[in-house]
Amino acid sequence: MLKDLFQLFLPHHCACCQTLLKGDEKCLCTYCRFLLPTTNMHNHNENRIKKLFRHKIPIENAVALLNFKKQNLTQELLHQLKYKGNEQVSYTLGNWLGENLKEREWAKKVDVIIPVPIHKRRKRKRGFNQVTGFGKNLAKHLQCEFHESVLLKKIPAKTQVFKSKYEREAIKLDWLILQKPEIIANKHVLLVDDIITTGSTLAACGEKLLEAKNVKISIATMAVTV
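No experiment lies behind these values; they were computed from the predicted model shown.

**Student:** Looking at this structure, how should I read the overall build of the chain?
**Tutor:** In terms of helices and strands, the chain carries nine helices and seven strands. Counting contacts in the chain only where the partners sit at least 6 residues apart, residues at least 24 apart contribute 74% of the total. Per element, the accessible surface of the chain, about 12100 Å² overall, is 52% carbon and sulfur.

Below, the structure written as structure tokens:
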């Protein structure tokens, strides 16, 4: 009864289609969740993300939950997360991918999850790092640590999500700070972000993490461009 009253006065809507959520639906309605274009990469270790990073940085495994292209449901979902302040999207996608990964042997070997950082100025403006909830829920499913302060970004950059691949700027290594490398030394790190296009951001972050001793890196993102 209390739940019904809460929904009556503070209704929750689907992050994709904005219809009123029903019953146990959270963030996404059942219909939109069914329509979202999943990659099913958790079933295939050799995929296009691994190929993308083949000549960038050494990675163990790579996975993205959704396919992204302009004007599809994934774009609307990430728009709600990054520009409409719907932080629940991050947690929902982390829970979804975590359910897919928790029985995968490679994912069981992950020791710590590190999110791609955003500059403190942008974090203050948005109110949160859009990848934090995603990483935290992944960590719960994989029963591993989550650390948000190991990798920091010291120079702000303009948003790149809706630029073309050729308009994107590569994040430079000297824009990043590796703090307390002993936290990730000798560990398998899962580096998480919202979307992969050229892979330049993740490659720079991965290269910085590799400055710690004997680190293995895998990658997980909410989406990958088609």
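**Student:** Any chance you could explain the nonpolar core here in plain terms?
**Tutor:** Generally speaking, soluble globular proteins have nonpolar side chains that are buried together. Counting residues in hydrophobic clusters, the biggest one holds 68 residues, and the most contacted among them are Ile113, Ile184 and Leu209. Apart from residues no more than four positions distant in its own chain, Leu209 is found in contact with Ile114, Val150, Leu151, Leu178, Ile184, Val189, Leu191, Val215 and Ile217.

**Student:** Which parts of the structure should I look at to understand the packing of helix α5 (residues 88-101) against helix α8 (residues 132-142)?
**Tutor:** Each pair of packed helices can be described by the angle between their axes along with the distance between the axes. Running from N to C, α5 and α8 point in directions that differ by 30°, and their axes come no closer than 7 Å. The pairing of α5 with α8 is recorded here as roughly parallel in orientation. When you trace α5 past α8, the crossing you get is right-handed. Contacts from Ser90, Tyr91, Leu93, Gly94, Asn95, Leu97, Gly98, Glu99 and Leu101 in α5 reach Thr132, Gly133, Phe134, Lys136, Asn137, Leu138, His141 and Leu142 in α8. Broken down by class, the residue content of the contact of α5 with α8 amounts to seven nonpolar, eight polar and two charged.

**Student:** Please clarify how the layout of surface pockets should be interpreted in this entry.
**Tutor:** Where empty space is left can be seen by rolling a probe of water-molecule size over the atoms. In this structure, the second largest pocket occupies an estimated 260 Å³ of space. Taken together, ten residues form the lining of the second largest pocket, with Lys82, Tyr83, Arg122, Lys125 and Arg126 sitting closest to its centre. Elements represented by at least two residues in the lining of the second largest pocket include exactly α4 (73-83) and α7 (120-126). Examining the composition of the lining of the second largest pocket, we find that four residues originate from one element, α7, more than from any other. The class makeup of the residues in the lining of the second largest pocket is two nonpolar, two polar and six charged.

**Student:** I would appreciate a short explanation of the sheet that holds strand β6 (residues 188-196) in the present structure.
**Tutor:** Note on sheets: strands pair through backbone hydrogen bonds, and any given pair is parallel or antiparallel. Read from one edge of the open sheet, five strands run β1-β7-β6-β2-β3, paired in parallel fashion. Each edge of the sheet is formed by a strand with only one pairing partner; in this case those strands are β1 (62-68) and β3 (145-146). Taken together, the two bridges between strand β2 (residues 112-115) and β3 define a ladder with parallel strand orientation. Within the sheet, the bridge partner assigned to Ile113 lies in β3 and is Phe146. Strand contacts of α8: β2, β3, β6 and β7 (216-225), with the helix running at about 140° to β6, the strand carrying the most contacts.

**Student:** Which parts of the structure should I look at to understand the packing of aromatic side chains?
**Tutor:** To describe a pair of aromatic rings, you give the distance between the ring centres and the angle between the ring planes. As enumerated under the stated definition, the model contains zero aromatic pairs in all. Across the ring face of Trp96, the terminal group of Arg33 is positioned such that the distance to the ring centre comes to 4.0 Å.

**Student:** When you look at α8 in this model, what are you seeing that I'm missing?
**Tutor:** The α-helix winds at 3.6 residues per turn, so residues separated by three or four positions along the chain end up facing the same way. Of all eleven residues in α8, nine are buried, a share of seventy percent or more. Within the sequence span of α8, burial applies to Thr132, Gly133, Phe134, Gly135, Asn137, Leu138, Ala139, His141 and Leu142. Positive phi shows up at Gln143, right after α8, with a value of about 55°.

**Student:** Explain unusual backbone geometry to me, please; I cannot follow it from the model alone.
**Tutor:** Trans is the common state for peptide bonds, and a negative phi is the common state for residues other than glycine. Phi angles above zero are rare outside glycine, and Gln71 is one such case at about 70°. You can see Gln71 is positioned in the loop between β1 and α4. The exposed category is assigned to Gln71, whose relative accessible area is 77%. Notably, Lys180 is not glycine yet its phi reads approximately 50°, a positive angle. Structurally, the position occupied by Lys180 is in the loop between β5 (176-178) and β6.

**Student:** Hey, could you run me through the side chain of Gln130 in this one?
**Tutor:** As for its placement among the helices and strands, Gln130 is situated in the loop between α7 and α8. At a separation of 2.3 Å, a polar atom in the side chain of Gln130 contacts the side chain of Arg126. Non-local contacts of Gln130, meaning those with residues more than four positions away in its chain, are made with Leu81, Lys82, Ser90, Ile118, Asp194 and Met222.

Rules used in this analysis
Residues numbered from 1 in each chain as written. Predicted model: local features only at pLDDT ≥ 70, side-chain atom pairs only at ≥ 80, totals over all residues. Heavy atoms only, no water. Helix = DSSP H or I, 4+ residues; strand = E, 2+ residues; numbered from the N terminus. Contact = heavy atoms within 4.5 Å. Areas by Shrake-Rupley, 256 points an atom, 1.4 Å probe, with all protein chains shown as cover. Core = buried A, V, L, I, M, F, W, Y, C linked by side-chain atoms within 4.5 Å. Buried < 20%, exposed > 50% of the residue type's maximum accessible area, 1.4 Å probe, protein only. Axes fitted to C-alpha atoms, helices over the stretch in contact; angles between N-to-C directions. Parallel < 35°, antiparallel > 145°, perpendicular 65-115°, else oblique. Left-handed = near helix turned anticlockwise from the far one by under 90°. Nonpolar A, V, L, I, M, F, W, Y, C, P; charged D, E, K, R; others polar. 1 Å grid on protein atoms, 1.4 Å probe; cavity = no way out; pocket = protein on both sides within 12 Å on 5 of 7 lines; lining within 4 Å. Points joined across faces, edges and corners; volume = space filled by probe spheres on them. Pairing = 2+ DSSP bridges. Phe/Tyr/Trp six-rings, centres within 6.5 Å; stacked < 30°, edge-to-face > 60°. Lys NZ or Arg CZ within 6 Å of the ring centre and 35° of its normal. Polar contact = N/O pair within 3.5 Å; in protein donor to acceptor, adjacent residues only side chain to side chain.

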